[in-house]
Amino acid sequence: MTETPTIHGDGGRDAAGPSAFEQLAAAPARHQLVMLTMGRVIAPVIWALTELRVADHLAAGPLPVGELARRTGTDEQVLLRMLRCAAAYQVFAERPGREFALTPMSELLRDDVPQSVRDLVLMNGTELFWRPYEAVLHTARTGRPAFEAVFGMPLFDYLETKPDLAGTFHRAMTAVNRGGVDAIAEAIASRPFTRVADIGGGQGYLLAALLERRPDGTGVLFDRPAALEGARALLDERGMSGRVELAPGDFFSEVPGGCDVYVLKLVLHDWADADAVRILKGVRAAMADGAGARLHVVEHTAGEPNTLDMVRLLDMDMLFCLGGRERSVEEYRALGEQADLRLTAQRRAGRFTVMEFAAR
């Protein structure tokens, strides 16, 4: 019989209770396999509860399901069943009297916590990352992204036609870019620099963290115009007014020159090898303007085979939705060599790998 986790007043789960993953690992192989394929159920349930802001309503403490239904404008019985499904995975916790409370996971669905993944969960529930999986066999047979077969154009072109989806996407990318910023900035700023360009840097969280570590440095934030929206407010809030140039553009056309440090964080994995090399060649050309300039590529890198590694799942998103791929350090080294760049150092920064390249 499975032990029921104990939920304490702070919304935490008693360490003695097995997590959903631990329960799954202890189950027979047949049950494990069926449960994995039933992921199609829990993912949209979590998305819907996130869209309804259930976690925000529980921020002050547990509530009866009837009150939650009133606040969210939902059917009480339906909401109860959805919450019980999520609670089976410890995303929420049911208490006596049909009350529900936050857990460590659902805390991260709140809008007002530093490590919130709310925007990322909402993005994963959009048509951008659901419908391409309807055409998995198209990619398997042709090697082409399923997204293009479903929508008739690449993802980034599609976003240009859908401002609401683009807003969700860019907010999610901002949430991703906040993750691990301090560890990445420490790794990059371990050597002095004068001017840094964050290529595809979005709102500028990483650039701001880098400049905080170099008070005399300046920066360039380079990205598509839509991705840069809101960047100036963030940079001003972080005290970077006057130190950062916003440079809208396309890294397939030209990359700003005159910097001694360039950063590509979670950019190359969006692209197939040939396009990734094009991006690297553009940065290499820009580096010629700065003596001793170096490039820092920040990516998730593939881990050991046969392990539950998030990178393997991200690789499927890259494959079906964008046509890109997750890579090993050696594969990034090979891409760099095609762009006349040599890998000079690598270091772990939390869940990321920071790879330093210099001109050959």
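Note that the structure is a prediction, hence the values are computed from the model and not measured. (Residues numbered from 1 in each chain as written. Predicted model: local features only at pLDDT ≥ 70, side-chain atom pairs only at ≥ 80, totals over all residues. Heavy atoms only, no water.)

Caption draft 1: Inspection of the packing of helix H5 (residues 65-72) against helix H6 (residues 76-87) at higher detail. The geometry of H5 relative to H6 is characterised by a closest axis approach of 9 Å and an angle of 110° between their N-to-C directions. Judged on the interaxial angle alone, H6 and H5 are roughly perpendicular. For H5 against H6, the interelement crossing comes out right-handed. Residues Val65, Gly66, Leu68, Ala69 and Thr72 of H5 form the contact with H6, whose own contacting residues are Glu76, Leu79, Leu80 and Leu83. (Axes fitted to C-alpha atoms, helices over the stretch in contact; angles between N-to-C directions. Helix = DSSP H or I, 4+ residues; strand = E, 2+ residues; numbered from the N terminus. Parallel < 35°, antiparallel > 145°, perpendicular 65-115°, else oblique. Left-handed = near helix turned anticlockwise from the far one by under 90°. Contact = heavy atoms within 4.5 Å.)

Caption draft 2: Structural detail: helix H13 (residues 163-178). Taking 1.5 Å of rise per residue, the 16 residues of H13 would be expected to cover 22 Å, and the 22 Å separating its terminal C-alpha atoms lies within 8% of that figure. Along H13, the positions that sit buried rather than exposed are Leu165, Ala166, Thr168, Phe169, Ala172, Thr174, Ala175, Val176 and Asn177. (Expected span 1.5 Å × (residues − 1). Buried < 20%, exposed > 50% of the residue type's maximum accessible area, 1.4 Å probe, protein only.)

Caption draft 3: Spatial organisation of the packing of helix H14 (residues 181-188) against helix H15 (residues 205-212). Where H14 contacts H15, the two axes come as close as 9 Å, and the packing angle between them is 50°. Considering their axes alone, H14 and H15 lie oblique with respect to each other. The two elements H14 and H15 cross, and the hand of that crossing is right-handed. Across from Val181, Ile184, Ala185 and Ile188 in H14, the residues of H15 making contact are Tyr205, Leu206, Ala209 and Leu210. In the contact of H14 with H15, the residues fall into eight nonpolar, no polar and no charged. (Nonpolar A, V, L, I, M, F, W, Y, C, P; charged D, E, K, R; others polar.)

Caption draft 4: Broad picture of helix H19 (residues 310-322). Here H19 spans 17 Å end to end across 13 residues, near enough to the 18 Å set by a 1.5 Å rise per residue. Inspection of H19 places Val311, Asp317, Met318, Phe320, Cys321 and Leu322 among the buried residues, and these make up the whole buried set. Here the buried face of H19 lies against helix H9 (127-130), helix H10 (136-142), helix H11 (146-151) and helix H12 (155-161). Where H19 starts, the residue carrying a side-chain oxygen 2.9 Å from the main-chain nitrogen of Val311 turns out to be Asp309. At the exit of H19 stands Gly323, carrying a positive phi of roughly 85°. (Polar contact = N/O pair within 3.5 Å; in protein donor to acceptor, adjacent residues only side chain to side chain.)

Without other data, these values stay purely geometric and don't point to any function.
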